[in-house]
Amino acid sequence: MSVAELQSDISISNEQNSQVFALNVSSDDPDKSAAIANDVADVFKTKIKDIMSVNNVTIVSKAVANDNKTSPRTMLIVLIGIVIGMLLSVGYAFAIELTDTTVKDDEFLTDTLGLTNLGQVAEIKMSGSHLANRSASRENSHRRVRV
């Protein structure tokens, strides 16, 4: 690995008022992460003696591979997506309902708007074949009337 890759994969954390620090390595392979952490700790232990004249550096524990997936948290992302989707769909339904300006019953016209109901047109549903038969029979009946 290059030095730039190591720098991006390694993070070091320190406890407050302590000389103990933790070395964290993240990569695609857990075994590779553990090996990098152990190698970096060993190199640090040998090099720190020359740099700072310190002889009492010890490694508290060796790195072990973490087989559990740590990132990305797919279940959390899916749950957040479901919640956001539900909120957007409910908001859309409310927006459609609030912007609907159609008159649905006669009481709205008479009670709210104060208009007089003069009549009501019922909806007639007919299939296409019935319309063709009726229009043909109407044409024949008009011809009979004219004769």
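Presented here is an overview of the structure given in this document. (Residues numbered from 1 in each chain as written. Predicted model: local features only at pLDDT ≥ 70, side-chain atom pairs only at ≥ 80, totals over all residues. Heavy atoms only, no water.)

This part takes up the overall build of the chain. Within the chain one finds 5 helices and 2 strands. The linear arrangement of helices and strands in the chain, starting from the amino end, is α-β-β-α-α-α-α. Across the 147 residues that make up the chain, the buried fraction comes to 6%. Across the chain, every contact between residues at least 6 apart in sequence was considered, and the portion connecting residues at least 24 apart equals 26%. About 13,200 Å² of surface is accessible on the chain, with carbon and sulfur atoms providing 57% of the total. (Helix = DSSP H or I, 4+ residues; strand = E, 2+ residues; numbered from the N terminus. Buried < 20%, exposed > 50% of the residue type's maximum accessible area, 1.4 Å probe, protein only. Contact = heavy atoms within 4.5 Å. Areas by Shrake-Rupley, 256 points an atom, 1.4 Å probe, with all protein chains shown as cover.)

Right, let's talk about the packing of aromatic side chains for a bit. Scanning the entire structure with this criterion turns up 1 aromatic pair. With a centroid separation of 5.3 Å and 90° between ring planes, the pair formed by F21 and F44 is classed as edge-to-face. Placement of F21 in strand β2 (residues 21–25) and of F44 in helix α2 (residues 30–52) is noted, with a sequence separation of 23 residues between them. We classify F21 as partly exposed; its relative accessible area is 40%. (Phe/Tyr/Trp six-rings, centres within 6.5 Å; stacked < 30°, edge-to-face > 60°.)

With that out of the way, let us pick up the pattern of salt bridges. Taken as a whole, this structure holds 2 salt bridges when the rule is applied. Put simply, D42 and K62 hold a salt bridge, and the shortest N to O gap is 3.3 Å. Here D42, found in helix α2, pairs with K62, found in the loop between α2 and α3 (74–98); they are 20 residues apart in sequence, far enough to count as distant. Residue D42 is classed as partly exposed on the basis of its relative accessible area, which comes to 31%. (Salt bridge = Lys/Arg side-chain N within 4 Å of Asp/Glu carboxyl O.)

Taking 1.5 Å per residue, 23 residues should reach 33 Å; α2 reaches 32 Å between its end C-alpha atoms and fits that length. Along α2, the sharpest change in direction is near 30° and occurs at T46. For α2, the full list of buried residues reads S33, A34, I36, A37, N38, A41 and I48. Where α2 is buried, its residues touch α1 (3–9), β1 (10–14) and β2. (Expected span 1.5 Å × (residues − 1). Bend = angle between axes of the 7 residues up to and from the residue.)

In terms of strand pairing, β1 meets β2 through 5 bridges, oriented antiparallel. Among the inter-strand pairings, I12 is bridged to a residue of β2, identified as L23. Linking β1 to β2, which pair antiparallel, is a turn of 6 residues; within it N17 sits at a positive phi near 60°. (Pairing = 2+ DSSP bridges.)

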